[in-house]
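What follows is the residue order along each chain.
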4 protein chains.
Amino acid sequence: MFEIRTDLAVEEKESFPGKGTEVTGVSLREWRKAFSKIKLTEVAILDEHGAKAMGKPKGTYITMEAKALAKGDEDYHREVSGELAVQLKRMVKELKRQGEVPDRENIHVLAVGLGNPSVTPDALGPKVLGNLKVNRNITEEKTVVLSGIVPGVMAQTGMETAEILKGILHETKPDLVVAVDALAARSIRRLGTTLQLTNTGIHPGSGVGNHRHSLTKESLGIPVLAIGVPTVVGAAAIVHDTISTLIQTLASHAQTEKTGEFLEQLSPEEQYQLICELLEPEFGALYVTPPDIDQTVKRLSYTISEGIHMAFYPKWE
Amino acid sequence: MFEIRTDLAVEEKESFPGKGTEVTGVSLREWRKAFSKIKLTEVAILDEHGAKAMGKPKGTYITMEAKALAKGDEDYHREVSGELAVQLKRMVKELKRQGEVPDRENIHVLAVGLGNPSVTPDALGPKVLGNLKVNRNITEEKTVVLSGIVPGVMAQTGMETAEILKGILHETKPDLVVAVDALAARSIRRLGTTLQLTNTGIHPGSGVGNHRHSLTKESLGIPVLAIGVPTVVGAAAIVHDTISTLIQTLASHAQTEKTGEFLEQLSPEEQYQLICELLEPEFGALYVTPPDIDQTVKRLSYTISEGIHMAFYPKWE
Amino acid sequence: MFEIRTDLAVEEKESFPGKGTEVTGVSLREWRKAFSKIKLTEVAILDEHGAKAMGKPKGTYITMEAKALAKGDEDYHREVSGELAVQLKRMVKELKRQGEVPDRENIHVLAVGLGNPSVTPDALGPKVLGNLKVNRNITEEKTVVLSGIVPGVMAQTGMETAEILKGILHETKPDLVVAVDALAARSIRRLGTTLQLTNTGIHPGSGVGNHRHSLTKESLGIPVLAIGVPTVVGAAAIVHDTISTLIQTLASHAQTEKTGEFLEQLSPEEQYQLICELLEPEFGALYVTPPDIDQTVKRLSYTISEGIHMAFYPKWE
Amino acid sequence: MFEIRTDLAVEEKESFPGKGTEVTGVSLREWRKAFSKIKLTEVAILDEHGAKAMGKPKGTYITMEAKALAKGDEDYHREVSGELAVQLKRMVKELKRQGEVPDRENIHVLAVGLGNPSVTPDALGPKVLGNLKVNRNITEEKTVVLSGIVPGVMAQTGMETAEILKGILHETKPDLVVAVDALAARSIRRLGTTLQLTNTGIHPGSGVGNHRHSLTKESLGIPVLAIGVPTVVGAAAIVHDTISTLIQTLASHAQTEKTGEFLEQLSPEEQYQLICELLEPEFGALYVTPPDIDQTVKRLSYTISEGIHMAFYPKWE
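Let me begin by describing the structure that accompanies this report. (Residues numbered from 1 in each chain as written. Chains lettered and ligands numbered in written order. Predicted model: local features only at pLDDT ≥ 70, side-chain atom pairs only at ≥ 80, totals over all residues. Heavy atoms only, no water.)

### Notes on helix α11 (residues 293-312) of chain A
The first and last C-alpha atoms of α11(A) sit 28 Å apart over 20 residues, in line with the 28 Å expected at 1.5 Å per residue. Burial analysis of α11(A) places 15 of its 20 residues in the buried class, the great majority of the element. (Helix = DSSP H or I, 4+ residues; strand = E, 2+ residues; numbered from the N terminus. Expected span 1.5 Å × (residues − 1). Buried < 20%, exposed > 50% of the residue type's maximum accessible area, 1.4 Å probe, protein only.)

Structure follows, in C-alpha cells:
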C-alpha cells in the first residue's frame, strides 16, 4: 500500500488532526527574527513515542520558510544562507558539547551531494557540491577541513550510496557528514520555499530518488546533518489529498440529502483503504514538479553552498 | 477551468464514450508489420467536424507504440528509427505531391529542437538536435540539406519560439520544418512508449513547456512535421482520472445501496465541473514524470535522431 | 600562412616594436580608480591608418585587468561587474548621443551568447546567457527591455550565426546587440584575467570558435557591443613566441661568437616566414587552455551577467 | 624541468632514436586483421630495463589505431568496440590464468570514469560511465557483475581519487578495476584516433588532469585495466617538437654556411636544456586540444562503453 510521505517534519506535524494540538514526545517552536521575512520552526522529536507518532526518528528538525525563496530575490537568498549558517553552527556546537564531534576548530567535514545530477529536481545535492569550495587538498588550512563527494545514484553505480560513503569514511576519517538532498513534500506550496536542516541524517524512503539505506550516525558511525529543500510532491500525495476533499464534500452532501450512507459508514481507515485502491500502483514512483524547477534548483544550490561556506569558513563574507 | 489535455491524437480518440465507435470526420487505422512488435495507428482528422470533436487540427497523426521502447532494448529502438524514417519519407512525399514542398531531391529541411534543455523531461528536442548531423554548412551536398536550431524557451530568451523561427526562416528559406518536442500524455502508460508523427505542426498548449504560439504552415508559411514522445502527464490529468473512477465506484454503490442519489443526479458535465472545483489552480502548471526520465529521454533522443538521419540521408545505414 | 592572432586590442598595441611609442591613428589611455585593483585601458582606433596598423576595426576597446579575477575572490568579481556596468552605460550613452540608438529609457537590447556550450573554454557566452534574467516576455516593464539568444555553432546548426541573428533582428527589432564571447589571447597571462568591452562588434576570425562572418553595425544594421574574456591562446601563438625568443637568443650568441650569420641575415619578415614554415598546418585550429578553465568560465559568467544586469536594470543591487 | 610526456607506450617507443631498432626488455608486435582498417600494436615491457628505457611500468600496452575514429563513421566505431571487447576479454583471461582474478564467470568488475566532467577533453571517463549499464543492483544476474563510479577530481572533492577508490573497494570487494581516462599524447595526429588498453593501471602524471597517486594492483590491491584515448597534447610538447625541428634546420644551415658553431657545439642534452629554458613554467599545466573535441569525446564514449558491454555481457549484440 502507498505511503503518502513527506520528508518535512513540519508537514508531518501539520497533518495531525486538530492541528496545533500537542503530541506527546514532540515539541514545536516557531519564531521570526526581527526585520526578517524568514519564519523558523523547530520540531524536536524527543522520544520513541514522538518518533512513532511522527514517523520520523528522534532529533531536531529546523525549517526556514520564505515564500520569496521561490523567486529570484537575492536579498532573501543571502538572508537564508546566513540563517542556515547560524543553525548549522549551532548544531555543530551542540554535537561538540555532546562529544559526538571532537571539540576543536579544525574538524573534518565531508559534504555529500545526494541525488541524480541528470534529473533536474533531483540535482540539488550535486549542484550544491558543484558550487562548494573544498580545502582538504590545500594543506596549510587551520580551520574546518572540507571535502566533498557526489556519490551518484544506484541505477548509475550499481552500489548503495551508503556503501560508497562508508568506504570513503573508512579511508578519509571525517568527523561529520553534511548531506544535501532534494526532498519530497506533501504540499505543492512547499516546493522551493522551505529549507529543512536536521541532525537525524537521511532515512530510507526520503529524498526524490528514494534512497534504500539510511545515512545516519548508526549506519555511518559519525553524525550526519542533512540539508534539504522540497522540489517534488509524490503523485500519490496530490491524488490522495484531492480525493480526501471529495469524500468530505460527498459525505456532507450525504448528511443533508439523506444519501451517501455508503460513505457515512466508512471509518477513516476504510476511507484511506478505498483511496489507496483507486491509486494506480505506478503512482508510487511518479513525482509532480513545476516546469521552472531548473531555475529554482540553480538558485537554491547557491543559497545552500553559501550557507555552508559561511558556517565553516570564518572569513567568508 | 482546466483543460485536461493530451498531445496524442490516439488518446483523444480513445477518450470518446463508447471507444471504438466512429466519429464523423475522423478515420482510424491500426496495423502491425509482419514480425514487428511495433503497433502503428493512423488517426486522420478529415474535416472541421472531426477537428472540433477531437480538439485537434485537421491532418494526419501516426503513432508508433512499443512497450519495449521504455526499456533499453536497442533492437526495438533501431526498428522504431526505421519506421519513423519510413513514415517521415511518406509524409514528405505526400507534401511534394500536394505541391507544399518542392518536388526535388535537395530540399532544405530545418530541424527544430523545442523545449528547455535544463529540464530533463522537456529536453527531448534539444537532445535530438545535439545528436543530429547537419550538412547545410558542407556545400558539396546534393541530397537533402539539413540545418538545425534549438530556440530555447521564453523564460530564457524573452522571445516566442515562433518569433525566433520566423526570423530564421526569413533568412535561410528552408522548404520544410521538422520539429521535435516532448509531449504531455493523458495516461502514464504512454510515457516513453509512444512516438507520434504529425503533419499538423505544433499547437498552443502542446508540449511539456506549453508553447503559446503555434508553429504551423499557417503561422510559419512552410509545412511543419512534428515528432514527439510523451515524457510527462499533467498533474491535473491523473487527479481527474482517479476521481472519475471514484465517482463511478460511488455511483455504482449508490444504485445497489439506494444511496448516492446526489451523484446519480449529476450529469457528466456537472461531474466534470465538480472535479475541476476540487483541482487546485496550481495543478495546471505541474506535471508528473517518472524518476528514470533521464535515461528514457537520452535513449529516445537517439531513436529519433537516427530516424531523421535515415529519412533524409540516403546512404545512412 | 598563419595569422598569430589576438582578440585583445591591448595586446595588439603591446606587440608594436618600441612598446609605448605612439601609433598614428591610435590613442591609448590607462588609468586606475582610487582604491581599486582594476587597471583600465582604453585603446581607441581613430582612423583607417590606425585600423590597418592594429589589424582591428575603428572604434573603442576598453580592457579591465585584475589578476585576482583568475581566483575566486568575490569582491574583485563584484568590482569588475560594477566597472563593466559603468563602461557599458557609458557606451550606450555615447551611442544615444550619436543617434545610433534611440534616446529613450526603454530601448530593447538583445543579448547574444556566442560559442559552443559543449566545449568548456568556448562556453562563456552561453553560460552568461544562462544566468541572465530577460524581461521582454514580462509586458509591464518600463525600463530597458532585455531578450537573449544562444545561437549555437555552425557545426551544430548548419547556419552562420549572422544568419540566425539577422533573422531574429528582423522579427523582434531590438535597438542594440550585446554579444558575449570567449576570446583568444596572445599571452597565457591574459587567460581569465582581462575583460574587453568594445563598440566594434565581432569580427571574422575572432572568438575561440572562429566565426566566419562579422556581427557588426554594418552586417546587422544595429550597433553591436561585444564583451569578451580570453580563455584560450592559439597553439600557433605560443609556439611562435617561444621560437622568436630562441632566434633572438641564437642571434645574440651569433654576434658575440661570430656564428649565426644565417640568422643575422634574416630580416624580421624572413624570420616570421621561417617560423611559419615550422608550424604545422594543424596548429591553426588548435588552442591552448588551462585545466581549471571550467571554474574560470563559471565564475566569469556570473561577473559578466551581473554587469549586464547592473547596467540595464536600474534597481539591481 | 619539464617532462615532455606521453601516456601512449606506442609513442614512447616511436621516440627512440633509430625508430624500429630494438630496445632491451621491450617487445613490439604490430598486426592488422583481415578486412579491417584498425592497426593493432602491442608494446610489452618485459623487465626493469625496459621499464626504465620507456619511462613506463612493466606490462602490456595494446593500441588500436584508426584514422576514421576521428570522424563519425559508425562502422569503424562498432569495429573498434568489438576489438576492444576482444582484447579486454583476453586480458581478463590472462589475469584469471595468473590467479590475479578468480577463475569464475561472475567476477565483479568496478568501472571507474576518471577525469573532470566539466572540462570537455577530460570528460571521456565520466561520459563512458554515463553510457554504461551496471547490473550489481539487479540481484539475479549470473554473469559478470558490473558496478561503476565517477570519483570526480581533487579540486572538487578535496580527496585523492585513490582514497575514494580504496574506500569503495574496501566496502564492495570487486575483483577487477577497469579505469577509463582521457590521455595526453605527444603528437596531435593521435588525438581521438588511438585507443590504448593496458594491464598496468593508471600512473602518476598520466591522464589529462594529472592524477597524483597511482591506481594499480600495488596501490589498490586488485588488478587495474586502463582504457584511454588521447584528447590533448601538452603545450610544452608541441613547443618542444617545433623547436627541435628549428634547431635541426639551423644546425644543417650552419654546416653548409660555416656558421652556427654555437649549435654545433651543443650536445643533445644541452639542446634539451636550452629548449626547456625557453619553455615558460606555466606551459607545464596547459594543454592543446582541437575545437571539435566535444564531438570526438561524445562519439568515443559510446565506442568504449559498447566495448565494455560486449566484453562483459555475453548476450550483448
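### With respect to the relation of the copies chain C and chain B
Of the transformation superimposing chain C on chain B, the axial component is 0.0 Å and the angular component is 180°, with the fit at an RMSD of 0.0 Å. With respect to symmetry, the two chain copies, as superposed, fit the operation of a two-fold axis. Considering only C-alpha atoms, the residue of chain C closest to the rotation axis is G167(C), which sits at 1.8 Å. Of the interface residues in chain C, 100% have counterparts in chain B that sit at the interface too, so the contact is made through matching surfaces. (Least-squares fit on C-alpha atoms with pLDDT ≥ 70 in both. Contact = heavy atoms within 4.5 Å.)

### Quick notes on the interface of chain C and chain B
Across the contact, 25 residues belong to chain C and 25 residues belong to chain B. Taking both sides of the interface into account, the surface hidden between chain C and chain B amounts to around 2,100 Å²; carbon and sulfur atoms contribute 55%. Per-residue buried area on chain C facing chain B is highest for Q156(C), M159(C) and E171(C); these three make up 24% of the total on that side. Along the contact surface separating chain C from chain B lie two salt bridges. One salt bridge in this structure joins E163(B) and R136(C), with 2.8 Å as the shortest N-O distance. Our count for the contact surface shared by chain C and chain B stands at seven residue pairs in polar contact (both at pLDDT 80 or more). (Buried area = accessible area lost by both parts, 1.4 Å probe. Salt bridge = Lys/Arg side-chain N within 4 Å of Asp/Glu carboxyl O. Polar contact = N/O pair within 3.5 Å; in protein donor to acceptor, adjacent residues only side chain to side chain.)

### Observations concerning the pattern of salt bridges
A side chain of one charge can pair with a side chain of the opposite charge when the charged atoms of the two come close. All names here are of chain A. Tallied over the full model, the rule gives 44 salt bridges over all chains. A salt bridge links E94 to R97, with the shortest nitrogen-to-oxygen separation between them at 2.7 Å. Taken as a pair, E94 and R97 lie in helix α3 (residues 74-97) at a separation of three residues, close to a single helical turn. A residue is classified by how much of its surface remains accessible, and E94, at 32% relative accessible area, is partly exposed. Note on R97: relative accessible area 63%, which makes it exposed.

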